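Examining the three-dimensional arrangement
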Amino acid sequence: MSLLCLFITLASVFHPCCGKDQLRACSPGDIIIGGLFPIHIKTNRTTTPGPISCSDFSIQTFLNSQVMIYAIRELNQRTPRVLPNITIGYDIYDTCGDVSLAIRATLQLLQSQTDHQNCSRPANTHASFRETQLKAVIGDSSSEVSVAVARITALSSVAQISYASTSERLSNKMKFPTFLRTISSDENQAKAIADLVMKLNWTAVAIVGSDDAYGRYSSERLEKTFKDTEICIDFINILPSYFSQNKSETHKWLTDLVSSINSSVAEAIIIFTKSSNVKLVIEAAIKGRLNRTWIASDSWSTSKDISSMQDIELAGKVFGFISKKNDVPGFKNYVISNFKNTTNAFLDHYLTRINCSHESKIRPEGSKQWLDPSCLTKHIDRDYSYNTYLAVRVIGEGLRRLLKCDNQQCERTPNFTALELLMEIKKVNFTVNNTHIHFDSKGDPSLGYDIVYWSTNISTRKTHIETIGAYFSKDGVKIPEGLESNVNVSVYNCSKKCDPGQQLQEQGKRCCKICVQCAEGDFSPKDGEECKSCGEEKYSSPQKDTCLDKPVYPIWLDPFNIILCCFQSLGIIVTVVFIIVFTIYRNTPVVKAVGGNLCFLELFSLLACFCLTFNLNGRPTKASCTLGLPVFGIAFCLCISCILVNLLQIVVGFSFSLNTGTWIKKLNKPVAVVSILSGIQFALFVPGFYYFPLTPQKLPLAEIIVYQCNTDSIVFIGLMLGYNTLLALIGFLLAIKGKELPDLYNNALSVAVSMLLHLLICIIFIPIYMNLIGKYKRATAIVTMLASSYSIVCFHLAPKFYIMLFRQEINNERAITENIRMHYVQRGLAVVTS
């Protein structure tokens, strides 16, 4: 209470006569109800401290204050009396919509509660606290102002009932225990707006709020509400606190806001801020001919000041929410009767200074008083005025219950505390003019909303605000049938026609989706449908609009496969011809020079190599996988082993060094050497393919399906190929050494070339085969096998074939003997001749 005492002392020191500084209307009574109304809606406040003056007289708010006076008059005069022998008075201030002025007015209302001569904190606060006639306060309209006022009224437990403050923040009873209202909170309004947006099948909206208790909290609540739906928020713009002062910064902010709206895909712009801010936004919208769809919050949805703006239709359509509308019983007749010839300070101010037709214009000083009831009745709203009437009736019902009044008398006297009245008001549960009202634990009523629409008459160009629907928390939005199809905003929505093969996809935080080509393997047959997978058996067309069957590889009729088959068949034919010719000339020196009988083992192993390549042409089977590369490795190893034995025979035959000859001659056992060398290869084959057998494997790729043998035995295949490469390297080295010996048929040179080619083939093709994926993987293996086999056929055996058929004069022992003699003669060695 000492804090309240300090507040009021400061108010008394700096503003000793608040009634003269602020517009105020009052009437005495046994019980006083305070009132806070922004009868002027603007001030000259700047960043520089100084005197504050008010401007922009609001006839609508002025009439709301008169509703409060009318309702109190009705309580005092009606028959039977609500409060027999008790008179209710009022003390109403013009807050000008300014927080500081509202605080000052509130302190003035509470001023008589404190002894200004002694502000020290007494030993017993409650014992020294003296109640006054002020028991409740009605107001303010702005949530920002109500928040400030509620903190002060809470200090003295005075009930505060707002007719227009909807901020959800005020529902927090830990911070605002004495605050109640006769209008639904923004939590319900946010749900109502979201319900309307969904009802009209809109998918994208924009939110414009303001940096105050009403705008910011409402925008945040709306954002949270939309997050639980599929509705996208294209942007949120929070107007600064200085916005309504129309400064240069305001114009810059307006320019940016209009630009955002112009580029936005939002189907509706929701504005949650006070009407003075909205007026500037709508003026810019008219100037820019935005022609958008707007959703008005209850702060401006029935504003005559905005709806009567010139060319308002250029701004676009306006839907709005307002607390359930109703007529204040008898108030219109009260106004028409010139307020029953009553008077108060607000009415006097209006009569002497304001022109009803041009409410923002001040009448010349000394001009004749003027009152046009028919003009005033046009400004009577059916929402805030009715909410004000309900607030008075709620206080009256609370007083009747507290004082235990019947039609004749009240059991209690007006000597009660404000807290007692507050507790009774929270319990009220009654019906006024078909409106049932009671408060929940948050101090919020159970009232719904009317949905309004601003309809412009084309001929008169005047805007009429008409009710088109309603919202109740239990039933949701109720609007006329067919309205959904009549509200056409498709020019701004996210509808976009995509070509077949494209899908709509979100782009960052923006609402509108964009057309994106389906990925490889996916398709979209219709406009913007979600891309679907073609599965493993099919692939997407180039346009991604359908799926095509994947061709299966390898296939026999593939052109490259046919070419390989030709080379495979040619290799088999050539090898068979070689076998026949070598058999015919088996006793000639040239056949003996290439190993004698071992050359037939070499030829048959080559024939097996050519035949085994056919295992890789068609679709693999378990047998073809086993007989492919693994058996080829053994067959080719056998071929190289025969060539190595042949080279050893040559080296041993012409080795005259006793030391060297001894160990080389021990190796001159052809059958044993071939068996050992081939046996090692076979030993690598058996365990590898026993534990990791090669089996057919289906490999779906992007546009084809490849059947191949699995690669579980890749390590063992690598060892087998590596072993053959090692034997080829040894053969190449022995062949190089053999070039120094007499060799009529250039056997060592032909072996060296064939082994070198095989080494190059291994270096080039084996890494390619190991890393290649696709339809040509098995073809690469065939090429490697054919190239290795042809290197031996063409460079090792073909020259001998040529000699046997076309150089028979050197295919005899005399020619060989002469070649040996000439070899040593050229080296200056003595040769014995017969």
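Structure's up top.
Below is a summary of the structure that appears in this document. (Residues numbered from 1 in each chain as written. Predicted model: local features only at pLDDT ≥ 70, side-chain atom pairs only at ≥ 80, totals over all residues. Heavy atoms only, no water.)

Turning our eyes to something else, we now look at the pattern of salt bridges. With the rule as written, the count across this model stands at 16 salt bridges. The shortest N-O distance in the salt bridge between Asp 91 and Arg 24 comes to 2.7 Å. Taken together, the residues Asp 91 in strand 5 (residues 88-94) and Arg 24 in strand 1 (residues 24-27) connect sequence positions 67 residues apart. We classify Asp 91 as buried; its relative accessible area is 10%. Each of Glu 187, Lys 191 and Lys 442 takes part in salt bridges that share partners, so that together they form one network. (Salt bridge = Lys/Arg side-chain N within 4 Å of Asp/Glu carboxyl O. Helix = DSSP H or I, 4+ residues; strand = E, 2+ residues; numbered from the N terminus. Buried < 20%, exposed > 50% of the residue type's maximum accessible area, 1.4 Å probe, protein only.)

Right, let's get into the state of the cysteines. Applying the stated criterion across every chain, the model contains six disulfides. There is a disulfide in this structure between Cys 405 and Cys 410, and the S-S distance comes to 1.8 Å. Negative torsions about the S-S bond denote left-handed disulfides, and the value of about 105° found for Cys 405 with Cys 410 makes this one right-handed. Each member of the pair, Cys 405 together with Cys 410, is buried. Shown here is the disulfide that connects Cys 498 with Cys 515, its sulfur atoms set 2.0 Å apart. On the sign convention where negative is left-handed, the bridge of Cys 498 and Cys 515, at about -85° about the S-S bond, is left-handed. In this pair, Cys 498 sits in the loop between helix 17 (483-486) and strand 21 (502-505) while Cys 515 sits in strand 22 (residues 514-517), placing the two residues 17 residues apart along the sequence. The thiol of Cys 566 is not disulfide-bonded; the next cysteine sulfur, from Cys 565, is found 7.0 Å away. The exposure class assigned to Cys 566 is partly exposed, which follows from its relative accessible area of 48%. (Disulfide = S-S within 2.5 Å.)

Turning our eyes to something else, we now look at empty space enclosed by the protein. All chains considered together, the criterion is met by three cavities of 30 Å³ or more. Looking at the largest cavity, its volume works out to about 110 Å³. In terms of lining residues, the largest cavity is bounded by 14 residues, among which Pro 554, Asp 558, Asn 561, Lys 775 and Ala 779 are the most central. Listing elements by their share of the lining of the largest cavity, those giving two or more residues are helix 18 (559-584) and helix 27 (777-806). The residue makeup of the lining of the largest cavity, split by class, is nine nonpolar, two polar and three charged. (1 Å grid on protein atoms, 1.4 Å probe; cavity = no way out; pocket = protein on both sides within 12 Å on 5 of 7 lines; lining within 4 Å. Points joined across faces, edges and corners; volume = space filled by probe spheres on them. Nonpolar A, V, L, I, M, F, W, Y, C, P; charged D, E, K, R; others polar.)

Across the sheet, which stays open at both edges, the three strands sit in the order 27-29-28 with mixed pairing between neighbours. Of all the strands in the sheet, just strand 27 (552-553) and strand 28 (696-700) have a single pairing partner and so form its edges. Note: strand 27 against strand 29 (residues 705-709), two bridges, orientation parallel. Among the inter-strand pairings, Tyr 553 is bridged to a residue of strand 29, identified as Val 706. (Pairing = 2+ DSSP bridges.)

All we've got here are geometric facts, nothing functional implied.
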